[in-house]
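The lines below spell out each chain.
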Amino acid sequence: MSFKVAVVTGANKGIGFAIVRGLCKRFDGIVYLTSRDKNRGAEAVAELEKEGLNPKYHQLDITEPKSVEEFRDYVKAKYGGIDVLVNNAAIAFKSNAPEPVAVQAEQTLFVNYFSLLSTCEILFPILRNGGRVVNISSSAGHLSNIPSEKLVERFQDPNLTIPELSELMNKYIEASKQGTQAVEWGNSSYVVSKVGVTALTKIQQRLLNDRDIKVNAVHPGYVNTDMSSHKGPLSIDEGAAAPLFLALDAPDSVRGEYVWYNKKIVSWTGEKSNF
């Protein structure tokens, strides 16, 4: 018997945890809560089990390709493939972080962009046709946060490739090392990483159209999590609403989009339209 499978990365707390909770309640299949730290993952699973839910657990560190490959092989052997993939794992330095800008740039883009990309490259071959991918972006992933019009045009290029996008991400890292990033890129590595995620989403959709896989990026809202220093007004369950909408409920016509927590498609020029 074939089971549908949903996977959420970085899911031991925050929005990822709430997405797993929502999937356990509504997804007709098996839900995998994954995390880098096994102990924290086990604690998260135990908490959901107290609520009468039954997520599965597997260790998964998106920054280690071997970890992702082991997970891929496990899922492929046990279930045959993945139907829903939510790429949630990410990091953010605090505004008062002591690390130099160059260090923040390299580490933030390594996790939020390059590791997400490598995870997708490893797992996409076992995505089932008709599946759904949700890349957790942010309001920071909007092009209005990039000062350079030339860069904005480059990100919007409908023919932009993944190698070209990765080259842009590396150019930001290099500019940060030289201390010249502010004029063109601004001063937030998190912004650049999430603009990268949103751009990557649109490219991935083009590449997966022939398999009827829907890939969307989502800004889940300003949520009360460790990442926001618990300043966000939304609960983690409210933050999970838009990702769950894309994973379970959005029309099949919604693909390659940038969706905000109010379930509106947002263009990179700021225009909004209802589904």
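Whatever comes next refers back to the structure up there.
Small disclaimer: the values here were computed from a predicted structure and weren't measured.

### Digging into the overall build of the protein
Across its full length, the protein carries 9 helices and 9 strands. Here the protein has a C-alpha radius of gyration of 18 Å; the compact-globule value for 275 residues is 19 Å, and the two agree. Of the contacts formed within the protein by residues at least 6 apart in sequence, a portion of 72% connects residues at least 24 apart.

### Quick look at the environment of Asn-54
Looking at the element boundaries, Asn-54 is found in the loop between α2 (38-50) and β3 (56-59). Relative accessible area serves as the criterion here: at 56%, Asn-54 is assigned to the exposed category. As for Asn-54 and Lys-25, which are separated by 29 residues in sequence, their C-alpha atoms are 9.2 Å apart. Setting aside residues up to four positions removed in sequence, Asn-54 forms contacts with Cys-24 and Glu-49.

### Considering the pattern of salt bridges
A side chain of one charge can pair with a side chain of the opposite charge if their charged atoms are brought near each other. Counted under the stated rule, the structure contains 13 salt bridges. Here Asp-249 and Arg-26 are joined by a salt bridge, their closest N and O atoms 2.7 Å apart. Placement of Asp-249 in helix α9 (residues 236-249) and of Arg-26 in helix α1 (residues 14-26) is noted, with a sequence separation of 223 residues between them. Take Asp-249: its relative accessible area is 39%, and that puts it in the partly exposed class. In this structure, the salt-bridge partner of Asp-212 is Arg-255, at a minimum N-O distance of 2.9 Å. Pair noted here: Asp-212 is in the loop between α8 (189-208) and β6 (214-219) and Arg-255 is in the loop between α9 and β7 (258-260), with a separation of 43 residues, a long-range link. What makes Arg-255 partly exposed here is its relative accessible area of 23%. Through salt bridges with shared partners, a single network forms among Arg-132, Asp-212, Lys-214, Asp-252 and Arg-255.

### Here's the deal with the nonpolar core
One finds Ile-82, Leu-85, Ile-146, Phe-155, Leu-165 and Trp-185 to be the most contacted residues of the largest nonpolar core, which totals 48 residues. If sequence neighbours within four positions are ignored, Ile-146 has contacts with Leu-151, Val-152, Glu-184, Trp-185, Val-191 and Val-195. Judged by nonpolar contacts, the second largest core, of 34 residues, contains Cys-24, Ala-44, Leu-244 and Ala-250.

### Some words on the packing of aromatic side chains
Under the definition given, this model contains 7 aromatic pairs. Between Tyr-113 and Phe-114 the ring centres are 4.8 Å apart and the planes differ by 85 degrees, which places this aromatic pair in the edge-to-face class. Tyr-113 gets classed as buried once you look at its relative accessible area, which sits at 0%. A residue is classified by how much of its surface remains accessible, and Phe-114, at 22% relative accessible area, is partly exposed.

### Quick notes on the packing of α1 against α2
Look at α1 against α2: their axes get within 11 Å of each other, and the N-to-C directions meet at 40 degrees. Of the possible angle classes, the one that applies to α1 and α2 is oblique. α1 and α2 meet at a crossing whose hand is right-handed. Judged by residue contacts, Phe-17, Val-20 and Arg-21 of α1 engage Ala-44, Glu-47 and Leu-48 from α2.

### Structural notes on the side chain of Ser-193
Tracing the chain through its elements places Ser-193 in helix α8. Judged by its relative accessible area of 0%, Ser-193 falls in the buried class. Sequence-distant contacts of Ser-193, that is, excluding residues within four places in its chain, are made with Thr-108, Leu-109, Asn-112 and Tyr-113.

Calculation criteria
Residues numbered from 1 in each chain as written. Predicted model: local features only at pLDDT ≥ 70, side-chain atom pairs only at ≥ 80, totals over all residues. Heavy atoms only, no water. Helix = DSSP H or I, 4+ residues; strand = E, 2+ residues; numbered from the N terminus. Rg over C-alpha atoms; globule rule 2.2 N^0.38 Å. Contact = heavy atoms within 4.5 Å. Buried < 20%, exposed > 50% of the residue type's maximum accessible area, 1.4 Å probe, protein only. Salt bridge = Lys/Arg side-chain N within 4 Å of Asp/Glu carboxyl O. Core = buried A, V, L, I, M, F, W, Y, C linked by side-chain atoms within 4.5 Å. Phe/Tyr/Trp six-rings, centres within 6.5 Å; stacked < 30°, edge-to-face > 60°. Axes fitted to C-alpha atoms, helices over the stretch in contact; angles between N-to-C directions. Parallel < 35°, antiparallel > 145°, perpendicular 65-115°, else oblique. Left-handed = near helix turned anticlockwise from the far one by under 90°.

The analysis is restricted to geometry; functional conclusions fall outside its scope.
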